[in-house]
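Residue-level listing of the chains:
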Amino acid sequence: MMHTTIGNVGHFLVISSFVASLLATYAYYRATGVPSIKKRGWLQYARVSFYFHGITVIGIIATLFYIIYNHYFEYHYAWSHASRHLPIYYMISCFWEGQEGSFLLWIFWHVLVGIILIRAHQAWEAPVMAVFMLVQSFLSSMILGVIIAHVKIGSSPFLLLREAMNDPIFQADPNFVPQDGAGLNPLLQNYWMVIHPPTLFLGFALISVPFSFCVAGLWQQRYKAWIKPALPWALLAAMMLGLGIIMGAYWAYETLSFGGYWSWDPVENAVYVPWLVLVASIHTMMAVRRSNTGLKTTVILVIGTFLLTLYATFLTRSGVLGNTSVHSFTDLGLSGQLLIYLLTFAGMAVCLVSKAWKHLPTSKKELTAYAPEFWILIGATTLCMMGLQVLVPTSIAVYNALLKLLGISSNLAPPVDQEAFYTKYQLWFAVAVAIFSGTGQFFWWQRIDRSKLEKSLTGPLLITMLLAVVIIITMQVNKPTYIVLLIAGVYAFVANSKILIHLAKSNYKLSGGAIAHMGVAIMLMGILFSAGYSKVLSRNMTGLLYAKEFPDEVNNENVLLWLNEPLQMDNHELRYVGQCIEAKAFPSYIPKKLLQPTGDPYKVIAREAISYHDKVYFTKGDTLTIHPENAYYKIIYTEKKGKQFALYPRVQANPAMGLIASPTIHIQWNRDLYAYASDIHPKPAQERTWSELETFEVKLGETFFVNDYVAVLESVEKIDVVEEVGLAPHDIAVRANIKIAGKRGSYWAQPIYLIKDKMLGRIPFFVEDLGVKLSFLHIYPEKDTFALGVNTTQKDYIILKVMEKPWISLFWSGSMMLVIGFGIAVYRRYSELQK
């Protein structure tokens, strides 16, 4: 049955939401600059429109989630992103996997932020909310899904499948509804994808606030007054956007197998650049608070941050990146609308800034190297240069598209080795940021002049050199570039530690900047050691190629593990013990051999009791719900000191992207062991290929060869019980007990010869470790012989890459310090605003 009513309600709410946002924008515009009597009326009208808009947005979200949750696959969005087997938390991820859902998430955060703006900044409400709701109107238009004069405006999440797909089945049956959906991309079935996108889009929504204050200030000729209320919002935006970026980095680290947490992908860069400019604008805003120095720079940076956010949206959603990014959305025909969105706000900002430029107050005080504002501006300039160096090559796809539009062919291409290209420049910018963040703090808090400079810096410099020497010797840092980065990082940490101690004695609320700078310093050292001194442990020492078609990296930097055959690697022992499956309501992974398949790929039956840490979770015969898209390969890792733990590299059979390997990470206090599968046999859900049946006629105690292994028919016995087969009194079951001498011990095979209901049957026995299957074919009582059959297959193996990531914990702990520092700064600036 088609559920069209709920979709119609949703589409009506989308249109109502858009109209309400326009009415609120207009009402707030009219409320700006009118007499107080009229202003009160327009403000009331604007607030009613805004809150009605908020109610409709919540209604849209509830309607779309209702469609996803109830598996209404007649809707294109539900069919594209959901399936019947997804747990509730991944259904939430489905909500924002697509373009329409992610825009809706952005709109939702805008509503919540707008409510706080109205209540917290009544003096600024009309002009700020006029700009803020104009942004919201453009966002709301992205999910309209209407066509006016042959022009498509937005993409509706309530589009029916038959309206979105031109498939013959809908011509035959317009009411056809698929039984299941395409499902959430397996790579996104990760807890970080439940919280990373909302955090990132909250950061995007918060960026609109300082932009709105800036435009309102220029519009109302309150050229400097807007800085104070905008600063806490800018700090909060930097904190949330930074936290979202870090979450995305950790998702990449534990889900993708490129060996790190940042690959300089164009979509990653598109978020990184606005964050850098935002942080630069925060520093110049603080300089303006102290004096008029840098007001013009601040205006440009705040507006630039917002425009770069829109540009990032255009890059990732217009389809212009094509194959240059694994993260970008496909084009839904919104590229023109996104471009209009970007150009409208860019044009509006340029006009306002041009009109107000000569009226912006500036400081007449000469800026010297001893002025705190000098270090603020030079640090902000460095951050902007960092962003520019990333932005220019990231936009190559845009340049090519623009030149193509003009009829000019372009051969511009992004860097082949993106990591080496960007790192080469970003590393030196990072050194400069570390030095400026350490030195600038002394000038900011202690107002140093020429006479005090030597006294203030001597202690931190001596401690820095002492610590750096110890680290260089202990960690064997020998590359000049790395030594420079290390010294800069240690100096930033030591200098800001001194400032932190000084500030903590007076008012802890002042310590946010020092803590954030210390976090950056720790991050730099974490990047240095985890990336610069990452080591491959899995060197191929056999001198043999695994396969000619494999790249050199796989043949040289991976080890081949046969099933249940130990292998020595760098004084450690690895043993591959088999494939495992993830099951619902079980805290670990279950060996696949303990599970019996059913007709439903998501259901299996326990062959025996399954326990974890002495607690029985399933008994024999229980039905389990599993996640079949993920296969885990259990590897027992024994260190040279005898400590043992398990690694579970994951492989996903992704219909759209083929086999995708995800790493397993064993976290230790000073390093991570990072391992992933480069190749496996058999592939998940792949049928084994067997050799032709080879038959042997043997007597009891007689030997024969099974795939080059010596086998002996030890005994034949009648049995009364056969698992999974109900035997009647007149049925007969006979089992052969065959002993096979393997390289590392003996194996038993027990094939069964069965006569049930006067029909002959055979139950073969598969010895996984040897890659052989034995069948009990026939009994010849007149000759006292038994016919046995042997099929062979490729033995199970995994080709594994193992890396050591030293001191990567510094990067993650530094990231958290950075976020905490921002949080303290937000609290301080908000407290000042309240006073």
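About the criteria used
- Residues numbered from 1 in each chain as written.
- Predicted model: local features only at pLDDT ≥ 70, side-chain atom pairs only at ≥ 80, totals over all residues.
- Heavy atoms only, no water.
- Helix = DSSP H or I, 4+ residues; strand = E, 2+ residues; numbered from the N terminus.
- Buried < 20%, exposed > 50% of the residue type's maximum accessible area, 1.4 Å probe, protein only.
- Contact = heavy atoms within 4.5 Å.
- Phe/Tyr/Trp six-rings, centres within 6.5 Å; stacked < 30°, edge-to-face > 60°.
- Lys NZ or Arg CZ within 6 Å of the ring centre and 35° of its normal.
- Core = buried A, V, L, I, M, F, W, Y, C linked by side-chain atoms within 4.5 Å.
- Pairing = 2+ DSSP bridges.
- Axes fitted to C-alpha atoms, helices over the stretch in contact; angles between N-to-C directions.
- Parallel < 35°, antiparallel > 145°, perpendicular 65-115°, else oblique.
- Left-handed = near helix turned anticlockwise from the far one by under 90°.
- Patch = residues over 30% accessible without salt bridge, like charges linked within 9 Å, V, L, I, M, F, W, Y side chains within 5 Å.
- Areas by Shrake-Rupley, 256 points an atom, 1.4 Å probe, with all protein chains shown as cover.
- Salt bridge = Lys/Arg side-chain N within 4 Å of Asp/Glu carboxyl O.
- Nonpolar A, V, L, I, M, F, W, Y, C, P; charged D, E, K, R; others polar.

A.B. asks: Teacher, can you tell me more about the overall build of the protein chain here?
C.D. replies: Helices and strands together make up the secondary structure of the protein chain, namely 21 helices and 29 strands. Out of the 835 residues in the protein chain, the part that is buried amounts to 54%. Excluding contacts between residues fewer than 6 apart, the proportion of contacts in the protein chain whose partners are at least 24 apart in sequence is 68%.

A.B. asks: What is the right way to look at the packing of aromatic side chains in this model?
C.D. replies: For any pair of aromatic rings, the description consists of the separation of the ring centres together with the inter-plane angle of the planes. Tallying each qualifying case throughout the model produces 57 aromatic pairs. Between Trp264 and Tyr272 the ring centres are 5.7 Å apart and the planes differ by 80°, which places this aromatic pair in the edge-to-face class. Taken as a pair, Trp264 and Tyr272 share a single burial class, namely buried. Pairwise contacts between aromatic rings join Tyr191, Trp192, Tyr250, Tyr253, Tyr261, Tyr674, Tyr676, Phe811 and Trp812 into one cluster. When the ring centre of Trp562 is taken as reference, the NZ or CZ atom of Lys795 above it lies at 5.3 Å.

A.B. asks: Is there a simple way to think about the nonpolar core in this case?
C.D. replies: Note on soluble globular proteins: their nonpolar side chains tend to be buried together. Counting residues in each nonpolar core, the largest one holds 166 residues, and the members touching the most others are Leu218 and Trp226. Broken down by element, this core gets its largest block of residues, 20 residues, from helix H10 (residues 227-255). Formed by 22 residues, the second largest nonpolar core is a distinct cluster that contains Phe704, Ala736, Tyr747 and Leu788.

A.B. asks: Quick question: what am I supposed to make of the pairing of strand S24 (residues 752-756) here?
C.D. replies: The pairing of strand S22 (residues 732-742) with S24 spans 4 bridges and is antiparallel. Paired with Arg735 across the bridge in S24 is Ile752. Here S24 pairs with strand S25 (residues 759-763) via 5 bridges, running antiparallel. Bridge assignment links Ile755 to a residue of S25, and that residue is Leu760.

A.B. asks: It is not clear to me how the sheet that holds strand S27 (residues 772-780) should be interpreted in this structure. Could you clarify?
C.D. replies: Sheet strands pair by backbone hydrogen bonding; their relative direction is either parallel or antiparallel. With antiparallel pairing, 4 strands are arranged side by side in an open sheet as S19-S28-S27-S26. The sheet terminates laterally at strand S19 (694-698) and strand S26 (765-767), the two strands that pair on one side only. When the angles between neighbouring strand axes are averaged without regard to direction, this sheet yields 25°.

A.B. asks: Can you help me understand the side chain of Ser80 in this one?
C.D. replies: Considering the arrangement of structural elements, one finds Ser80 in helix H3 (residues 76-81). In this view, Ser80 contacts Ala182 and Gly183; residues no more than four positions away in its chain are not counted.

A.B. asks: I would appreciate a short explanation of the packing of helix H5 (residues 99-120) against helix H12 (residues 295-317) in the present structure.
C.D. replies: Packed helices, taken two at a time, are described by their axes: the angle between them and the distance between them. Contact pair H5 / H12: the axes reach a minimum separation of 12 Å and the direction vectors enclose 165°. For the element pair H5 / H12, the angle class is roughly antiparallel. The interaxial crossing formed by H5 with H12 has right-handed handedness. Contacts between H5 and H12 involve Gln99, Ser102, Phe103 and Trp106 from the former and Thr309, Thr313 and Arg317 from the latter.

A.B. asks: What is the right way to read the sheet that holds strand S12 (residues 623-625) from this model?
C.D. replies: A sheet is described by the order of its strands in space; here 3 strands give the open sequence S8-S9-S12, paired in antiparallel fashion. Both outer strands of the open sheet, strand S8 (595-597) and S12, are each paired with one neighbouring strand and no more. Neighbour-to-neighbour, the strand axes of this sheet turn through a mean angle of 45°, independent of strand direction. Relative to strand S9 (residues 603-606), S8 runs antiparallel, the two sharing 3 bridges. Considered in S9, the bridge of Leu595 is made with Ala606.

A.B. asks: Can you walk me through a nonpolar patch on the surface in this structure?
C.D. replies: Together, Met385, Leu388, Val392, Tyr399 and Leu412 line one region of the surface with nonpolar side chains, adding up to about 420 Å² of accessible area. The dominant element in the nonpolar patch, judged by the number of residues it contributes, is helix H14 (residues 372-394), at 3 residues. Residue position: Val392 is located in helix H14. By relative accessible area, which is 41% here, Val392 ends up partly exposed.

A.B. asks: What am I meant to see in the pattern of salt bridges here?
C.D. replies: A full pass over the atoms with the stated rule returns 16 salt bridges. Notably, a salt bridge pairs Glu804 with Arg671, separated by 2.5 Å at the nearest N-O pair. In this pair, Glu804 is assigned in strand S29 (residues 797-806) and Arg671 in strand S18 (residues 671-681), connecting sequence segments 133 residues apart. Taken as a pair, Glu804 and Arg671 share a single burial class, namely buried. For the salt bridge of Arg735 with Glu717, the shortest nitrogen-to-oxygen distance reads 2.7 Å. One end of the pair, Arg735, is in strand S22; the other, Glu717, is in strand S21 (residues 709-718), and 18 residues separate them in sequence. Under the relative-accessibility criterion, Arg735 is labelled partly exposed at 22%. Taking relative accessible area as the criterion, Glu717 reaches 30% and is therefore assigned partly exposed.

A.B. asks: Is there a simple way to explain the packing of helix H17 (residues 450-475) against helix H18 (residues 480-504) in this structure?
C.D. replies: Two elements in contact, H17 and H18, have axes whose closest approach is 8 Å; the angle formed by their N-to-C orientations is 135°. The angle between H17 and H18 falls in the class oblique. Here the hand of the crossing between H17 and H18 comes out right-handed. For the pair H17 and H18, the contacting residues are Lys455, Ser456, Leu457, Pro460, Leu461, Ile463, Thr464, Met465, Leu467, Ala468, Ile471 and Ile472 in the first and Ile483, Leu486, Ile487, Val490, Tyr491, Val494, Ala495 and Lys498 in the second. Residues belonging to the contact of H17 with H18 are distributed by class as follows: 16 nonpolar, 2 polar and 2 charged.

Keep in mind these numbers describe shape, not what the thing actually does.
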